[in-house]
Amino acid sequence: MTESSIIPVFDGHNDVLLRLRRGGLNSVNAFLNGESAGHIDLPRARRGGLAGGLCAIFIPSPDQPRTDNADFAAPAQPDALNETLAMARLLFAIEARSEGAVKVCRSAADIRRSISEGQFAAVFHIEGAEAVAADLDALYVLHQAGLRSLGPVWSRPNVFAYGVPFRFPSPPDIGPGLTDAGKDLIRACNELRIMIDLSHMNEQGFWDIAKLSNAPLVASHSNAYALSPHSRNLTDRQLDAIRDTGGLVGINFGVLFLRDDGVRNADTPLEVLVRHAAYIAERIGIEHVALGSDFDGTTIPASLGDASGLPKLIDALRAHGFDDEALAKIAHQNWVRVLEQTWGG
Ligand SMILES: [Zn+2]
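Since the model is a prediction, treat every value here as computed from it, not as a measurement.

Before going further, it helps to examine the overall build of the protein. Along its length, the protein carries 13 helices and 9 strands. Over its C-alpha trace the protein gives a radius of gyration of 18 Å, about what one expects of a compact globule, namely 20 Å for 345 residues. Principal-axis analysis of the C-alpha atoms gives the protein an extent of 50 × 45 × 40 Å. Looking at the protein residue by residue over its 345 residues, the buried ones come to 52%. Considering only intrachain contacts with a sequence separation of at least 6, the fraction spanning at least 24 residues in the protein is 73%.

And the structure:
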């Protein structure tokens, strides 16, 4: 495959900042120059056509268990804020030292320009709003610093909502919805035009946001519950609600959320991933299907490997019957449309 035939991918979710955080500011060079660890660095992103995406700031739970169906406790707010600032500094250090190769994008126009110029388009995203207290002060300040997307919860309770625990097989209808502080958070995100990410919400929280929010509904890295009955996946009714608001679903590459047996087995063919894309496209339309790799955050199919393997996924989608127009929508156009609508022009 030649360089020019690579379709640029703008991706809804990666955890590269969490991986790099362990190496501190020294890892900035590892990201820019390339390394063998993990799924994303700049050279591998370029090889695979990964043009950018939502770079999550996620704070692991204290003493986070290593099993897949554990219950997790949220970090304390001051600790989460400190850690969020450290990870945001890492993102800005990558941008500053990249000599123009990486840009922290604050608008859809930024993303379009970066994609066309071959500059990695990073979006400052928070997965689980533990850094923000109920007074929301930190939300307003982080927005000024470039925060453009936020998931109220990861899969654990916090002051805003409950989060869907990891369960298989289980529907996402586990626990109550938004707290009063959570409703304030959604209103503030609408006011600031911060994208609200529904991945990791439980079902009641999803419907509470659907009722309250004036933005397109977005699940940045989730799959179809009909094909993989994991609590993190979306029921048909949830998919329909996303379609009805003009939103999107980013297909998660994590084998836990793809397979019908819920086993963390990297020996999972790419066709299983393609099946989720095809199912969601068939049910709610190609305009609402995108990618949300979860690179550096979970176990992905071994045949994909890392970001440099994205052309294999594009080939598998093409082999299924998606034409170039559909592939461009899935790969980046749907994300840019929804972000533009959410953020304003
Ligand atoms: Zn996640």
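Given 3.6 residues per helical turn, the α-helix brings residues three or four places apart onto the same face. In a regular helix each residue adds 1.5 Å, so 13 residues correspond to 18 Å; helix 7 (residues 180-192) covers 19 Å between its end C-alpha atoms and thus fits that length. What helix 7 keeps buried is the set Gly 182, Leu 185, Ile 186 and Cys 189. Relative to the axis of helix 7, the buried residues are bounded by an arc of 100° and lie together on one face. Exposed and facing more than 90 degrees away from the buried side of helix 7 are Asp 180 and Glu 191. Residues of helix 7 that are buried sit in contact with strand 5 (147-151), strand 6 (195-196) and helix 8 (203-212). Two residues or fewer past helix 7, Arg 193 is found with a positive phi of approximately 60°.

Turning our attention to the sheet that holds strand 9 (residues 289-291). Strands pair in a sheet through their backbones, by hydrogen bonds, and they do so in one of two ways: parallel or antiparallel. A sheet is described by the order of its strands in space; here 3 strands give the open sequence 7-8-9, paired in parallel fashion. Only two strands of the sheet have a single neighbouring strand rather than two, namely strand 7 (218-219) and strand 9. As defined by bridge partners, strand 7 adjoins strand 8 (residues 248-251) across 2 bridges and the pair is classed as parallel. In the strand pairing of strand 8, Ala 219 is matched with Val 249. Its contacts with the sheet place helix 11 (residues 270-284) against strand 8 and strand 9, and it is angled at close to 170° to strand 8. The strands touched by helix 13 (residues 324-343) are strand 7, strand 8 and strand 9; relative to strand 9, the strand with the most contacts, the crossing angle is about 105°.

Attention now goes to the nonpolar core. With 104 residues, the main nonpolar core has Leu 17, Leu 91 and Val 249 as its most contacted residues. Ignoring any residue separated from it by four or fewer positions in sequence, one finds Val 249 in contact with Ala 219, Ser 222, Leu 234, Leu 239, Ile 242, Ile 280, His 288, Val 289 and Ala 290.

Before going further, it helps to spend a moment on helix 5 (residues 108-117). Three or more residues of helix 5 are buried, namely Ala 108, Asp 110, Ile 111 and Ser 114. What you see down the axis of helix 5 is that its buried residues fit within an arc of 155°, all on one side. Those residues of helix 5 that are exposed and aimed more than 90 degrees away from the buried face are Ser 116 and Glu 117. One or two steps after helix 5, the chain reaches Gly 118, where phi turns positive at roughly 70°.

Moving on, we come to the pairing of strand 5. Judged by how many residues are buried, strand 5 sits mostly within the fold: 5 of 5 residues are covered. In terms of strand pairing, strand 4 (residues 120-127) meets strand 5 through 4 bridges, oriented parallel. Each bridged residue has a counterpart across the sheet, and for Ile 126 the counterpart in strand 5 is Leu 150. Inspection of the sheet shows strand 5 paired to strand 6 by 2 bridges, in the parallel sense. Within strand 6, the position partnered with Ser 149 by the bridge is Met 195. What joins strand 5 to strand 6 is helix 7, and the crossover it makes is right-handed.

Here is what the cut-offs are and how they apply
- Residues numbered from 1 in each chain as written.
- Predicted model: local features only at pLDDT ≥ 70, side-chain atom pairs only at ≥ 80, totals over all residues.
- Helix = DSSP H or I, 4+ residues; strand = E, 2+ residues; numbered from the N terminus.
- Rg over C-alpha atoms; globule rule 2.2 N^0.38 Å.
- Buried ≥ 20, exposed ≤ 12 C-beta atoms within 10 Å, placed from the backbone.
- Contact = placed C-beta atoms within 7 Å.
- Expected span 1.5 Å × (residues − 1).
- Arc of directions from axis to C-beta.
- Pairing = 2+ DSSP bridges.
- Axes fitted to C-alpha atoms, helices over the stretch in contact; angles between N-to-C directions.
- Core = buried A, V, L, I, M, F, W, Y, C linked by C-beta atoms within 7 Å.
- Right-handed = clockwise from strand over helix to strand, strands pointing away.

Shape descriptors only; they carry no functional weight alone.
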